[in-house]
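Chain residues, written in single-letter form:
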Amino acid sequence: MNIAFLLNGRNVALTGIDARTTTLDWLRETQALTATKEGCNEGDCGACTVLVTDADGTRAVNACILFLPQLHGRALRTVEGIAGPDGTPHPVQQAMIDHHGSQCGFCTPGFIAQMAANHLNGDTDHDTGLSGNLCRCTGYAPILRAARAADSAPVPDWMKTDPGVSGSKIPPAGPGGDAPLPAHRPDNADDLAQLFAAHPDATLVAGATDVGLWVTKQNRPLTRMIFLNAVRDLQDIVETETEIRIGAGVTIARLISLMDRLHPSFAAMLRRYGSPQVRAVATIGGNIANGSPIGDAPPALMALEATLHLRRGNARRTLSLADFFIDYGRQDRAPGEFVEAVSIPRQPDHLRVWKIAKRHDQDISAVCGAFDIQIAGGQVTAARIAFGGMAGIPKRARAVEAALIGQSWDTATLTRACAAFADDFTPLSDMRASAAYRLQVAANLLRRYHAETTGAATDIRGITA
Amino acid sequence: MSVGKPLPHDSAPLHVTGQARYVDDIPLPANALYLAFGKATIARGRATSVDLSDVRAAPGVLTVLMPADLPGDCDTSPSAHDEPLLSDQVQFNGQPLFLVVATSHLAARRAAVLARVTYAEDTPILTIDAALAANARFEDGPRIWSRGDVTAALASAPHLINGRIEMGGQEHFYLEGQVSLALPGEGGEMHIIASTQHPTEVQHKVAHALGVPMHKVRVECRRMGGGFGGKESQGNALAIACAVVAAQTGRPVKMRYDRDDDMILTGKRHDFRIDYRAGFDATGRLSAVDFTHYTRCGWSQDLSLPVADRAMLHADNAYFLPAVRIESHRLRTNMASATAYRGFGGPQGVLGIERVMDHIAQVLGLDPLAVRRANYYDGSAISGPGTGQRYGGLHSPAGATPRNTTPYGQTITGFALHDMTDVLAQSADYTARRAAIRDWNAGQPILKRGIALTPVKFGISFTLTHLNQAGALVHVYQDGSIHLNHGGTEMGQGLNQKVAQVAADAFGVGMDAVQITATDTAKVPNSSATAASSGSDLNGMAVLAACDTIRVRMVDCLATLHQCAPAQVRFADGRVQAGATDLSFAEAAMTVYQQRVSLSATGFYRTPDLSWDRIRGQGRPFYYFAYGAAVTEVVIDTLTGENRILRVDILHDTGASLNPALDIGQIEGGYVQGAGWLTMEELVWDAAGRLRTHAPATYKIPATSDTPPVFNVTLWDRANPEATVRRSKAVGEPPFMLGISALMAISDALAQAAPGAYPALDAPATPERILMTLNRMRAQ
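About the criteria used
Residues numbered from 1 in each chain as written. Chains lettered and ligands numbered in written order. Predicted model: local features only at pLDDT ≥ 70, side-chain atom pairs only at ≥ 80, totals over all residues. Heavy atoms only, no water. Helix = DSSP H or I, 4+ residues; strand = E, 2+ residues; numbered from the N terminus. Rg over C-alpha atoms; globule rule 2.2 N^0.38 Å. Contact = heavy atoms within 4.5 Å. Areas by Shrake-Rupley, 256 points an atom, 1.4 Å probe, with all protein chains shown as cover. Buried < 20%, exposed > 50% of the residue type's maximum accessible area, 1.4 Å probe, protein only. Phe/Tyr/Trp six-rings, centres within 6.5 Å; stacked < 30°, edge-to-face > 60°. Lys NZ or Arg CZ within 6 Å of the ring centre and 35° of its normal. Axes fitted to C-alpha atoms, helices over the stretch in contact; angles between N-to-C directions. Parallel < 35°, antiparallel > 145°, perpendicular 65-115°, else oblique. Left-handed = near helix turned anticlockwise from the far one by under 90°. 1 Å grid on protein atoms, 1.4 Å probe; cavity = no way out; pocket = protein on both sides within 12 Å on 5 of 7 lines; lining within 4 Å. Points joined across faces, edges and corners; volume = space filled by probe spheres on them. Nonpolar A, V, L, I, M, F, W, Y, C, P; charged D, E, K, R; others polar. Pairing = 2+ DSSP bridges. Buried area = accessible area lost by both parts, 1.4 Å probe. Salt bridge = Lys/Arg side-chain N within 4 Å of Asp/Glu carboxyl O. Polar contact = N/O pair within 3.5 Å; in protein donor to acceptor, adjacent residues only side chain to side chain. pLDDT = per-residue confidence, 0-100. Core = buried A, V, L, I, M, F, W, Y, C linked by side-chain atoms within 4.5 Å.

### Considerations on the overall build of chain A
Thinking step 1. From N to C terminus, chain A includes 18 helices and 19 strands.
Thinking step 2. Rg of the C-alpha trace for chain A: 23 Å, near the compact-globule value of 23 Å for 465 residues, within the 12% margin.
Thinking step 3. The C-alpha extent of chain A, read off along each of the three principal axes, is 70 × 60 × 40 Å.
Thinking step 4. Relative to all contacts within chain A whose residues are 6 or more apart in sequence, the contacts with residues 24 or more apart total 65%.
Thinking step 5. Summed over its atoms, the accessible surface of chain A is roughly 16000 Å², and 50% of this surface lies on carbon and sulfur atoms.

Okay, here's the thing in structure tokens:
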């Protein structure tokens, strides 16, 4: 595959690259740009954080699971390019020195990249904004002090201009060359549909936050890759009076912005989905099509009665999202068929989504529960409840719903409904949680929903000393 | 003066720009080779056949080494010579069976998983109970230290408790994984550049593997991307593997573990089970305590004996134990070999007695802080003649037996925790907040808050006494610039900066005159590991000695030359005054050089007054103690077990701090790491002995939002009564144990969620463990 992009302001044109090459390996092993570190090689520690800029703006991403073809037409800035052209430190660099934010220093370049991105974007929620960067030395206190200290510094000129801007300066990629692996980069959904129908064995790559691990950790053989990030017409959010249609290529970061307005509890949960680096590139289509039993968005979408839009060639069909997930590792998706969009009906917000994990940020759910319960006159008039982590698939809790609907919203009903969880789910024990814990917590999340309606404090994040 | 100033880490400008160079960042020649281990997929047994045809055929593979291809056993152990580099005798899941040599790191990794191995499997020993049943242990039997008649004291105690606490291990999760690089030289020389806390150990092990004297091997380490004890012995295998292949091929060889390999192959903190029986009076004051420690050491001995010893040595923490018995079982299990980790067993021992304090308080219905204080060692007895033991029996207070002797017979002097607890309890408003929390909890059905104050007393010195030594090499060049080298290693703690501050002051020059250089066995030989919090204590003194040697030579030379008394030669502010003559330090250096006086010196230090018999458990293993105390407030969710630290207040004793900013960094970082150990970091092995939590996706260290939103850290900045470097105190490990207050605060919250039952909370207190504990309490 042939690609072109900006690297710290200079043009890079590569021909015949192996599409599985990660940006991290390429930087470190061929460009002698070693500021960007490998901490985990799976997008969980942030030591490899770099800045990527395109028409949608600048965001920090993990270079270890960013395939080179994803950079085509964009601008990449590494830590080597964050100080000014004359060596003037970026405000976050100076603040990290002044506030003793580095100890061993190995995580520091990744923090600097993420902090510079947050600084550029005016993002001052540092607990969330830095949650994708692990530090084992400092306990984060001095890093947070540094980030806050830099908040008020103006964005340096060099961050506003070259090399942060992509576009016309980037040369076109050359003609196709020999490469170890066939790879494609369609720029519209029709071309994608043709390609994928013709090559149903291809691996679709959107954010690569999962496929990246297939390569870096699992040595999975890939026969062909189709990169989706240029398919702009899969990235639309279309709102009508009756529904919201979310293109498969919409990132989790954009979904958060949408849900902040429509279903804030969903947005709050999504702020704990992956890390800022992951949410910047991971897509809702990937999250669904991946079929994970613990993908966090599907339970919430199922509680919102989402509809999935699938396409194969020119054939399109829709189905309830809940019906897409058949069994562990099995979805109702034909070879060559892909997720085009997911849509949800416009509706009043009753949704609560709660994710239970060992760590608040950037953890995989032990249990993720989504509840949409409507109460009128003390009676439950509707209930849609779905869970991740409780079965081999994201799954509706139909027995629990049945135990609620038509009943009075009281503790007796609650007790009966909680007992019904055992009818809906037979969860597994694994390194994240035991089956007994999962079952108890799932039921207790229903109790939390009830307790909230009684006015009790239920959110440990809402408590201050 | 530089000492005492809160200067930034010397490498901070390099860290933030990415210029700080780690081993994997060093450019290599194009003919360099890369290694990966092929790992066993069973926990115990024998690899009866290893088919490497696919491995050998994989792209980029040059060769594959089996055990027979090694020059000898290539043992990697720091202690018992029980860790062959490669072996077909499988003792843990992940054990290296063969070594892939390839032209790239990725090629080696990808090939290493292609072997077809058949095994004759044995049943692995994975649990404490299984190891006890099989009598699988290190040493002949348990170590037992005791004082007084514990059985009689327990029998006559007004109140008795017994209980058990299980505490998990901990992955170091240094951000930079293990990595080593070997550059072959001429005539059998080998230059190793490694991420190691112990260059001399690497030198020793590489020399052994190659069958050459240590003088053929040079080991260098500029910095590590974190160590925490995990790079004390666990990097040996990589350095040896690189050296062996470099010797065989004559090519540079690098090996680094992918994160999953790192977590599967290397040791972690020892997990412990501690059983206890304690007798006490109505105020909670102990008359006797009987501890039994069980720890899973993994498949090899590594550093487990001194780790388990240090757990015993900290079974008292801050408390006088009149009659005490400590029995310690060091169990051999088919798991990665547990190793050094910040605190080195101390945290486990401390947690045992802190659990006892918490348990006693609950039984008596007292504030746990009152129980802790009732058991504190007697206060400082060094404030003046006639006030204490230090000045002999004649002047000792009459009456009660002094409560200031540890179970191992060391007399405590300078016990600071009475005063520190007063100051901290007041600054943290402990009593009022404890009451307010109880009021708040009474009105809350779902959330419960808890608070706890716990102290730390941590012994400073290697318990293997001969390790308490250090060397340094200092050059003053003719332009007045200073080259600084010592045997300690930099892993982020700021050791080099502290030592450079000491050196700058010794010559009265600014920090920019001092160049910090990589730790190098060719410059300073026979170094000890940078461990046991000893880095600045030992190396600072050695550097000071070297600087003093040079300074005395300069003084003598300049006094003679300028015809003044030596006392009239003074170094300050980058100038040297010799009588009436005023020179810049550079001019002074040039003058002394031209007088043909050596401006280079070694320095050496050995900690005084140590003696220790680890079999009897008697002596003075520690030069002094470092103290600290923390108040933590938490909130828990009784529906899910989710929990959060709300506020932390710490008062920590750093002696006369060499650098308050670096010390506060150690305290904040140590607290969060300690709280992580006890709350969210959970290692899970399955029934086949496979580690299921071998990546950050499944093993969760604290993240940004886990840092306490209110985090007040204050230094107890009083000179160390002992003659340490500039009267400072060690700070690397002690603050780690401040995190125990988080676990105890969760225990407090649980006790209020189900009044009447004792939580007996194990660690890590994950949401699941908290909820299951609550279930058990409610069922009682």
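### Side note on the overall build of chain B
Thinking step 1. When helices and strands are counted, chain B shows 19 helices and 29 strands.
Thinking step 2. Against the compact-globule benchmark of 28 Å for 780 residues, chain B has a radius of gyration of 27 Å, which places it among compact chains.
Thinking step 3. Evaluated residue by residue, chain B yields a buried proportion of 66% over its 780 residues.
Thinking step 4. In chain B, once contacts between residues fewer than 6 apart in sequence are set aside, the share between residues at least 24 apart is 80%.

### With respect to the packing of aromatic side chains
Thinking step 1. Per the stated rule, a full pass over the model turns up 31 aromatic pairs over all chains.
Thinking step 2. Measuring from ring centre to ring centre gives 5.5 Å for F371(A) and F387(A), while their planes differ by 90 degrees; the resulting arrangement is edge-to-face. Here the residue F371(A) occupies a position in strand β17 (residues 367-376), and F387(A) occupies one in strand β18 (residues 379-388), the gap between them amounting to 16 residues. Neither residue differs from the other here; F371(A) and F387(A) are each classed as buried.
Thinking step 3. Cation over ring: K231(B) sits above Y174(B), and NZ or CZ is 4.6 Å from the ring centre.
Thinking step 4. The positively charged end of R449(B) is found above the aromatic ring belonging to W440(B), 4.7 Å away from the centroid.

### Brief notes about the packing of helix α6 (residues 199-210) of chain B against helix α7 (residues 236-249) of chain B
Residue and element names in this part refer to chain B.
Thinking step 1. Orientation of α6 relative to α7, taken along the N-to-C sense of each, is 40 degrees, at an axis distance of 9 Å. What the angle tells us is that α6 and α7 run oblique. In this structure, the crossing between α6 and α7 has a hand that is right-handed. When α6 is examined against α7, the residues E201, V202, K205, V206, A209 and L210 are found in contact with a partner set consisting of N236, A239, I240, A243, V244 and A247.

### Side note on helix α3 (residues 105-112) of chain B
Thinking step 1. Taking burial as the measure, the eight residues of α3(B) include six buried ones, the bulk of the element.
Thinking step 2. If you check which residues of α3(B) are buried, you get H105(B), A107(B), A108(B), R109(B), A111(B) and A112(B).
Thinking step 3. Packed against the buried residues of α3(B) are α8 (211-216) of chain A together with β1 (33-39), α2 (53-57), β3 (61-65), β5 (96-102) and β12 (253-256) of chain B.

### Re empty space enclosed by the protein
All names here are of chain B.
Thinking step 1. Under the defined criterion, the tally for this structure stands at 14 cavities of 30 Å³ or more.
Thinking step 2. Approximately 440 Å³ is the volume found for the largest cavity.
Thinking step 3. Contributing to the lining of the largest cavity are 31 residues, with M491, Q493, S533, Q666 and G732 lying nearest its centre.
Thinking step 4. Of all the secondary structure elements, the ones that give two or more residues to the lining of the largest cavity are α14 (495-507) and α15 (535-561).
Thinking step 5. Here the lining of the largest cavity is built from residues that sort into eleven nonpolar, 15 polar and five charged.
Thinking step 6. Here the second largest cavity defines a volume of roughly 250 Å³.
Thinking step 7. Lining the second largest cavity are 21 residues, with T76, E83, A237, L265 and W299 positioned closest to its centre.
Thinking step 8. Taken together, the residues of the lining of the second largest cavity sort by class into eleven nonpolar, eight polar and two charged.

### Considerations on the pairing of strand β14 (residues 286-298) of chain B
Regular strands place side chains that alternate from one sheet face to the opposite one.
Residues and elements named next belong to chain B.
Thinking step 1. In terms of burial, β14 is a largely internal element, twelve of the 13 residues being buried.
Thinking step 2. The pairing of strand β13 (residues 272-280) with β14 spans nine bridges and is classified as antiparallel. Each residue of the ladder has a partner; that of Y276, found in β14, is F291.
Thinking step 3. Taking the residues between adjacent antiparallel strands as the criterion, β13 and β14 are bridged by five residues, where G284 takes a positive phi near 90 degrees.
Thinking step 4. Judged from the ten bridges that link them, β14 and strand β15 (residues 323-332) form a sheet pairing that is parallel. The partner of F291 across the bridge, within β15, is I326.

### Some details on the interface of chain A and chain B
Thinking step 1. Taken together, the 80 residues of chain A in the interface contact 86 residues of chain B.
Thinking step 2. A combined buried area of about 6600 Å² lies between chain A and chain B, and 56% of that area is made up of carbon and sulfur atoms.
Thinking step 3. Of all residues in chain A, the largest losses of buried area upon contact with chain B belong to R136(A), K358(A) and I460(A), amounting jointly to 14% of the total for that side.
Thinking step 4. For the pair chain A and chain B, the number of links is twelve salt bridges.
Thinking step 5. The partner of R256(B) in a salt bridge is E38(A), with the nearest N and O atoms 2.9 Å apart.
Thinking step 6. Run the count over chain A and chain B and you get 39 residue pairs in polar contact (both at pLDDT 80 or more).
Thinking step 7. Breaking the side of chain A that touches chain B down by element, the ones donating at least two residues are α1 (23-30), α2 (91-98), α3 (108-120), α4 (126-129), α5 (141-151), α8, β16 (351-356) and α18 (435-454) of chain A.

### Some points on the sheet that holds strand β8 (residues 225-227) of chain A
Strand pairing in a sheet relies on backbone hydrogen bonds. The paired strands run either parallel or antiparallel.
All names here are of chain A.
Thinking step 1. Pairing in this open sheet of three strands is parallel, and the strands run β6-β8-β7 from one edge to the other. In the strand order of this sheet, the two ends are held by β6 (183-184) and β7 (203-205), each with one partner.
Thinking step 2. Each of β6, β7 and β8 touches helix α7 (residues 189-198); the most contacted strand, β8, lies at about 170 degrees to it.

### Here's the deal with the sheet that holds strand β10 (residues 243-247) of chain A
Residues and elements named next belong to chain A.
Thinking step 1. Judged by pairing direction, the sheet is antiparallel, and its five strands sit side by side in the order β9-β10-β15-β11-β12 without closing on themselves. Edge positions in the sheet fall to β9 (237-239) and β12 (315-320), since each of these pairs with one other strand and no more. For this sheet, the mean angle separating the axes of adjacent strands, direction not counted, is 20 degrees.
Thinking step 2. Pairing of strand β11 (residues 307-312) with strand β15 (residues 338-345), which is carried by five bridges, proceeds in the antiparallel orientation. Bridge pairing links R311 to F338 in β15.
Thinking step 3. On top of the sheet, helix α9 (residues 252-262) reaches β9, β10 and β15; it is set at about 170 degrees to β10, its chief contact.

### Quick look at the confidence of the model for chain B
All names here are of chain B.
Thinking step 1. With 97% of its residues at a pLDDT of 70 or more, chain B shows a mean pLDDT of 96.
Thinking step 2. Here residues 381-399 is modelled with pLDDT under 50, and outside its nearest four sequence neighbours on either side it reaches 23 contacts, counting other chains as well.
Thinking step 3. Taken together, the chains of this predicted complex give a pTM of 0.97 and an interface ipTM of 0.97.

### A word on the nonpolar core
Thinking step 1. F507(B) and Y671(B) are the most contacted members of the largest nonpolar core, which totals 200 residues.
Thinking step 2. In terms of residues, this core owes the most to one element, α15(B), which gives 13 residues.
Thinking step 3. Those residues in contact with F507(B) that lie beyond four places of it in its chain are V474(B), V476(B), I482(B), C547(B), I550(B), R551(B), M554(B), F571(B) and F585(B).
Thinking step 4. If you look at the next biggest cluster of nonpolar residues, it comprises 42 residues, including I244(A), L255(A), A297(A) and I393(A).

### Quick notes on the packing of α18(A) against helix α19 (residues 767-779) of chain B
Thinking step 1. Two numbers describe how α18(A) lies on α19(B): the axes approach to 11 Å, and their chain directions differ by 80 degrees. Between α18(A) and α19(B), the interaxial angle falls into the category roughly perpendicular. Side by side, α18(A) and α19(B) meet where A436(A), Y437(A), Q440(A), V441(A) and N444(A) of the first sit next to P767(B), E768(B), L771(B), M772(B) and N775(B) of the second.
Thinking step 2. Of the residues assigned to the contact of α18(A) with α19(B), the class counts are six nonpolar, three polar and one charged.

### Digging into the pattern of salt bridges
Thinking step 1. As enumerated under the stated definition, the model contains 77 salt bridges over all chains in all.
Thinking step 2. Between D54(A) and R74(A) there is a salt bridge; the shortest N-O distance is 2.9 Å. With D54(A) in strand β3 (residues 49-54) and R74(A) in the loop between β4 (57-62) and β5 (75-77), this residue pair connects regions lying 20 residues apart in the sequence. Taken individually, D54(A) and R74(A) each receive the classification buried, so the pair is uniform in this respect.
Thinking step 3. The salt bridge partner of R614(B) is E139(B), with a shortest N-O separation of 3.1 Å.

### What to know about unusual backbone geometry
Thinking step 1. The amide bond that connects A763(B) to the next residue, P764(B), takes the cis arrangement and shows omega of 0 degrees.
Thinking step 2. Along the chain, the position of P764(B) falls in the loop between α18 (740-753) and α19.
Thinking step 3. In this structure, A208(A) takes a positive phi of about 65 degrees despite not being glycine.
Thinking step 4. Mapped onto the elements, A208(A) comes out in the loop between β7 and α8.
Thinking step 5. On the basis of relative accessibility, which here comes to 4%, the residue A208(A) falls in the buried class.
Thinking step 6. Phi is positive for A532(B), which is not a glycine, with a value near 55 degrees.
Thinking step 7. Under the relative-accessibility criterion, A532(B) is labelled buried at 12%.

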